[in-house]
Amino acid sequence: MSIGKGILEIKNLSKSFIVDNNPLQVLNDINITIPPGNFVSIIGSSGCGKTTLLRIVLGLETNYEGDALIDGEQIEGPGINRGIVFQDHRLLPWLTVGENVAFGLDGKSRKETEVIVDEHLKLVGLNGFKSAYPCQLSGGMAQRAAIARALANKPEILLLDEPLGSLDAMTRMHMQKELERIWLFEKITMILVTHDVEEAIYLGDKVVIMSSRPGVIKKIIDIPFTRPRDRSSYEFMQIKSEILEEFHLGVEHPFIYSI
Amino acid sequence: MSKSLLKRFEWKDKLLAFIVPLLVLVAWQSAVSLQLFSEMILVPPLTVMNTLVDLARTGDLTNNIISSLKRVLSGFLLGASTGFFLGLLMGLSSLLDRFVGPLIKACKQVPQFALMPLIILWFGIDEVSKVVFISIGAFFPMVFNTYQGVSGVPKKYRELARVFNYKSFRYLTKVILPGALPSIITGVRHSLGLSWMFVVGAELFGSESGVGYMMVWARQLFQIDIVMAGLFVIGIIGFTMNIILQIIEKRVLRWRVSFDGRMA
Amino acid sequence: MLVSITLPVLLILFWQLITSTGYVSPHILPLPKNVIKIFLSLFSEERLMLHIVISLRRVMSGFLIGIAAGFSFGLLIGLSRTGEKIFAPFFHALRQVPMIGWIPLIVMWFGMSELPRILVIAISAFYPMALNTFTGVRNVPSEYIELASVYGYKRLKLIRRVIIPAALPSIITGITLSLGMSWVILVAAELLIETPVGIGRLISNGRETCNMEQVLVGIITVALLGFIMTMMIEKLAKVVERGRSIHQEL
Ligand SMILES: Nc1ncnc2c1ncn2[C@@H]1O[C@H](COP(=O)(O)OP(=O)(O)OP(=O)(O)O)[C@@H](O)[C@H]1O
Ligand SMILES: [Mg+2]
């Protein structure tokens, strides 16, 4: 097995928080290996520890048991090889949208910075809002700006915590396409947390299903379809209902009857 | 059309603001005309105005204002800058916070006017003691507000800075200081306001120049018109300082002044 | 804990050192043990107690009058836009006059008596209270008011059940600030409006007789009293906050 740069290995990872002086087990014995350039979707009910898992990979949560390794090295803190789109957009309110996108760009000339910012604002469809302040954006626009900020840094591993959560259905599909395009182009690893099963299948090479209390990986499903994927194909639908089954929501789809 | 309507409303609002001052003036003038009080206690508004003009013409007023302003400025700059740096360091280092924080909090409990006699005993009755006294007034709001602003920058923004590998200087200028700015500005405002109050207090306490001195001196000679004129002057100066600060605040906090899209 | 008492202990040691070695004259800084001695003797003579009681009475009367008036006024201009337009500009203009500045005028009007002292304290307590009540009322989220109107809350009930509770943190901030102001102005009033009793008198008496120990005893006493009262208010604020934080977490 050839190991490229940016391989993420998580072995027997457990994490608990202290809540009201009692330990609360949030993640329990998580095992997953994500080769470079993979796209992994994570779905699971609210509070099952998805954000916590991403924060561990990011290096913001320490004090866990087990291993979280990148290229065989324990993650000890944040590094610019990993980028994140937080669940809350976290744009700094005192910087303009353009300055926010440039937030992680260090040691670049003014001109280079401008070019990168413009390019990424265009990518997420926010050209024209460069000098606006975050408070002047809608929730969805703020999320797109946060995506631009994360991408501008060209990380090897990009963590996305429900990045499309507050977008309308149309923009959402458009952004999914864009994410796929960026992923294919940049060849980076992306780990996407989402509550949208369709989104998870549409984008993921693998879909990780987590269940809660404590958070464990219940199942990992490989998605073998070629890209771009057809959301209405029979196979797509079948995988979708298989996943929904895991959540005991396995309503049979009318489409399946008609076959 | 709607714009002119709006303008008319604004105009009416402005007019409402004059009701109370007008009533006060009318009451004042009629109390004088009806001779409700002796002339030692109440003089007509116009007399106060005339006194003010006279004082300005002789140059007395200007000199007193200048010496008050000089004091307030030196005291404010000394106290506020010390407070700012200490507050910043305390906000950044929890060790330092635990080291000096409790002492500063305890010192804040001393009503600063109580220190005036002590300061006079230590520094004499001249300029130095006044500047020291004012700077003590300016110090406390600044140190606490800066500290609160710095330590109150939300964790989520600090995390963001860590994710993007921000080191000391950039971290300070891009994340910590802008985040703390609203609180720092509040500190500046309180600090300047207290400085202004303290200068008047110090001058009432004993001085040879300044607006406060002018008022004490007038009180001893039972010249109530000068006392009222002095009150008017310190009010106007305080008001002007506040306006200037508000303009600065609007400028630097542009990112906060916004339409609130969630009102509806 | 250990860290927080290091500096005070060091300072006291330093104080002891420079005074006991005679490096600083006792007229500038007395020996710590002499300050304690004077404190104890003043305390046992009950003179100190008298000063304290009189000062406390002054500060409490002024403070209570001030916050009651400030609360009512803040509520009035907070609830009524017209009220705000009529009264707020004058209020803000008047607020710019430092409280201390009123002293000469008030003394001319009322003489050197108890009334002007309490009046100055009341004015100083009034402003922060009025201002914070006003902002608290204005910052009540419109969602709450909408919700209340959905349930048919009428004016009085709306004020009592929604507006005042929602504005409470700000109101408490106002009370705290007012109390602090009252203490600062109390001493100023006692120093500038001559009085035979009160902690301010104790301090200025000490200065006039070059009794440094007494000056320090006075300062430490006001500081302690102010500290105790602030602690009490902060306790109250905590209790109120605790009751609220439960639903703010979610
Ligand atoms: N700093 C913390 N201290 C204590 N408990 C925490 C902390 N952070 C998270 N938790 C707990 O860990 C659990 C998992 O939280 P996490 O944010 O990872 O969930 P999630 O899967 O991302 O949920 P969602 O889909 O709602 O975002 C929750 O029960 C939460 O209460
Ligand atoms: Mg989450």
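As a reminder, the structure under discussion sits directly above these lines.
Residues numbered from 1 in each chain as written. Chains lettered and ligands numbered in written order. Predicted model: local features only at pLDDT ≥ 70, side-chain atom pairs only at ≥ 80, totals over all residues. Heavy atoms only, no water.

Engineer: Would you take a moment to explain the coordination of the magnesium ion (ligand 2) for this structure?
Structural biologist: The expected angle between donors at a tetrahedral four-coordinate metal is 109.5 degrees. At an octahedral six-coordinate metal it is 90 or 180 degrees. At the metal site, the magnesium ion (ligand 2) is ligated by Thr-51 of chain A (OG1) and Gln-87 of chain A (OE1), and these contacts range over 1.9 to 2.3 Å. With Thr-51 of chain A in helix α1 (residues 50-58) and Gln-87 of chain A in the loop between β6 (82-85) and α2 (97-101), the pair connects residues that are 36 residues apart, well separated along the chain. (Donors = N, O, S within 2.8 Å, 3.2 Å for Na, K, Ca; no water. Helix = DSSP H or I, 4+ residues; strand = E, 2+ residues; numbered from the N terminus.)

Engineer: Explain helix α1 (residues 2-20) of chain C here, please?
Structural biologist: Residues three or four positions apart in an α-helix share a direction because the helix packs 3.6 residues into each turn. Taking 1.5 Å as the rise per residue, α1 of chain C with 19 residues should run 27 Å; its terminal C-alpha atoms sit 26 Å apart, in good agreement. Restricting attention to buried positions, one finds in α1 of chain C the residues Ser-4, Leu-7, Ile-18 and Thr-19 of chain C. Projection of α1 of chain C onto a plane perpendicular to its axis shows the buried side chains occupying an angular sector of 105°, all on one side. Of the residues in α1 of chain C, the exposed ones pointing more than 90 degrees away from the buried face are Leu-2, Leu-13 and Leu-17 of chain C. Looking at the buried positions of α1 of chain C, the neighbouring elements they touch are α5 (94-108) of chain B together with α2 (32-44) of chain C. Downstream of α1 of chain C by a residue or two, Gly-22 of chain C has a phi angle that is positive, lying close to 75°. (Expected span 1.5 Å × (residues − 1). Buried < 20%, exposed > 50% of the residue type's maximum accessible area, 1.4 Å probe, protein only. Arc of directions from axis to C-beta. Contact = heavy atoms within 4.5 Å.)

Engineer: What exactly am I supposed to notice about empty space enclosed by the protein here?
Structural biologist: The rolling of a water-molecule-sized probe over the atoms marks out the regions of remaining empty space. All names here are of chain A. Evaluation of the coordinates by the stated rule reveals one cavity of 30 Å³ or more. Volume-wise, the largest cavity comes out at about 60 Å³. Ile-10, Ile-32, Ile-34, Ile-42 and Leu-53 are the residues nearest the centre of the largest cavity, which is lined by 13 residues in total. For the lining of the largest cavity, the elements supplying multiple residues, two or more each, are β1 (8-19), β2 (22-34), β3 (39-44), α1 and β9 (206-211). (1 Å grid on protein atoms, 1.4 Å probe; cavity = no way out; pocket = protein on both sides within 12 Å on 5 of 7 lines; lining within 4 Å. Points joined across faces, edges and corners; volume = space filled by probe spheres on them.)

Engineer: In this structure, what is going on with the site of ligand 1? I would like to understand it.
Structural biologist: Residue and element names in this part refer to chain A. In the vicinity of ligand 1, 13 residues are found, and the nearest of them are Ser-46, Gly-47, Lys-50, Thr-51 and Thr-52. The backbone of Gly-47 places a nitrogen or oxygen atom 2.8 Å from an oxygen atom of ligand 1. His-195 is positioned with one of its side-chain polar atoms (N or O) 3.0 Å from an oxygen atom of ligand 1. In isolation ligand 1 exposes 630 Å². Once the protein is present, 68% of that is buried. Of all elements in the fold, only β1 and α1 reach the threshold of two or more residues within the shell around ligand 1. (Near = heavy atom within 4 Å. Polar contact = N/O pair within 3.5 Å; in protein donor to acceptor, adjacent residues only side chain to side chain. Areas by Shrake-Rupley, 256 points an atom, 1.4 Å probe, with all protein chains shown as cover.)

Engineer: Help me understand the layout of surface pockets in this model?
Structural biologist: Reported here for the second largest pocket is a volume of approximately 1600 Å³. Along its surface, the second largest pocket is lined by 38 residues, and Leu-103, Cys-107, Val-110 and Leu-115 of chain B together with Leu-11 of chain C are the ones closest to its centre. Broken down by secondary-structure element, the contributors of at least two residues to the lining of the second largest pocket are α4 (60-92), α5, α6 (115-123) and α7 (127-151) of chain B together with α1 and α10 (212-248) of chain C. At nine residues, α1 of chain C tops the list of elements feeding residues into the lining of the second largest pocket.

Engineer: So what exactly am I meant to see when it comes to the sheet that holds strand β10 (residues 216-222) of chain A here?
Structural biologist: As a general point, the strands of a sheet are linked pairwise by backbone hydrogen bonds and lie either parallel or antiparallel. Residue and element names in this part refer to chain A. Spatially, six strands are ordered β6-β7-β8-β3-β9-β10 in an open sheet, and the strand pairing comes out mixed. The open sheet has two free edges, formed respectively by β6 and β10, since each of these has just one partner strand. Strand after strand, the sheet turns through a mean of 20° between neighbouring axes, direction not considered. Two strands pair when backbone bridges link them, and β3 and strand β8 (residues 189-193) are joined in this way by four bridges, in the parallel orientation. Looking at β8, one finds that Val-40 is bridged to Ile-191. Relative to β10, helix α7 (residues 234-246) is tilted by about 170°, and along the sheet it contacts β3, β9 and β10. (Pairing = 2+ DSSP bridges. Axes fitted to C-alpha atoms, helices over the stretch in contact; angles between N-to-C directions.)

Engineer: How do you make sense of the environment of Val-85 of chain A when you look at a structure like this?
Structural biologist: Residues and elements named next belong to chain A. Following the sequence through the fold, Val-85 ends up in strand β6. The exposure class assigned to Val-85 is buried, which follows from its relative accessible area of 1%. Distance in space between the C-alpha atoms of Val-85 and Leu-164 is 9.9 Å, their sequence separation being 79 residues. The residues contacting Val-85, other than those within four sequence positions of it, are Ala-146, Ile-147, Ala-150, Leu-159, Leu-160, Asp-161 and Pro-163.

Engineer: Hey, could you run me through the nonpolar core in this one?
Structural biologist: Note that soluble globular proteins tend to have their nonpolar side chains buried in a common cluster. In terms of nonpolar packing, the biggest core is built from 164 residues, with Leu-8 of chain A, Phe-113, Val-175 and Met-197 of chain B together with Ile-100 and Ile-185 of chain C touching the most fellow members. Examining the composition of this core, we find that 17 residues originate from one element, helix α8 (residues 155-192) of chain C, more than from any other. Those residues in contact with Ile-185 of chain C, other than ones at most four positions away along the chain, are Met-197 of chain B together with Met-99, Ile-100, Val-120, Ile-121 and Ser-124 of chain C. In this structure, Leu-91, Val-97, Val-101 and Val-117 of chain A belong to the second largest nonpolar core, which totals 48 residues. (Core = buried A, V, L, I, M, F, W, Y, C linked by side-chain atoms within 4.5 Å.)

Engineer: Quick question: what am I supposed to make of helix α9 (residues 168-205) of chain B here?
Structural biologist: In a regular helix each residue adds 1.5 Å, so 38 residues correspond to 56 Å; α9 of chain B covers only 46 Å between its end C-alpha atoms and thus falls short of that length. The sharpest bend along α9 of chain B measures roughly 55° and falls at Leu-181 of chain B, with the proline Pro-182 of chain B sitting one to four residues further on. (Bend = angle between axes of the 7 residues up to and from the residue.)

Engineer: Hey, could you run me through the interface of chain A and chain B in this one?
Structural biologist: Interface size is often expressed as the accessible area that is lost when the parts come together. On the chain B side, the residues contacting the 26 residues of chain A number 20 residues. Buried area between chain A and chain B, both sides added, is near 2200 Å², and the carbon and sulfur share of it is 67%. In terms of surface lost to chain B, no three residues of chain A exceed Arg-90, Trp-94 and Phe-103 of chain A, which account for 33% of the buried area on that side. There are three salt bridges connecting chain A and chain B. Across the pair Glu-159 of chain B and Arg-90 of chain A runs a salt bridge whose closest N-O atoms are separated by 2.8 Å. Applying the counting rule to chain A against chain B returns five residue pairs in polar contact (both at pLDDT 80 or more). Elements with a minimum of two residues in the side of chain A that touches chain B: α1 and β6 of chain A. Across the side of chain A that touches chain B, the residue classes break down as 15 nonpolar, five polar and six charged. (Buried area = accessible area lost by both parts, 1.4 Å probe. Salt bridge = Lys/Arg side-chain N within 4 Å of Asp/Glu carboxyl O. Nonpolar A, V, L, I, M, F, W, Y, C, P; charged D, E, K, R; others polar.)

Engineer: Explain the pattern of salt bridges here, please?
Structural biologist: Between side chains of opposite charge, a pair can form as their charged atoms come close. For the structure shown, the criterion picks out 30 salt bridges over all chains. The partner of Glu-9 of chain A in a salt bridge is Lys-11 of chain A, with the nearest N and O atoms 4.0 Å apart. You can call Glu-9 of chain A buried: its relative accessible area is 18%. The class for Lys-11 of chain A is partly exposed, based on a relative accessible area of 34%. Via salt bridges that share partners, Lys-15, Arg-55, Glu-61, Asp-88 and Arg-90 of chain A together with Lys-155, Lys-156 and Glu-159 of chain B belong to a single interconnected network.

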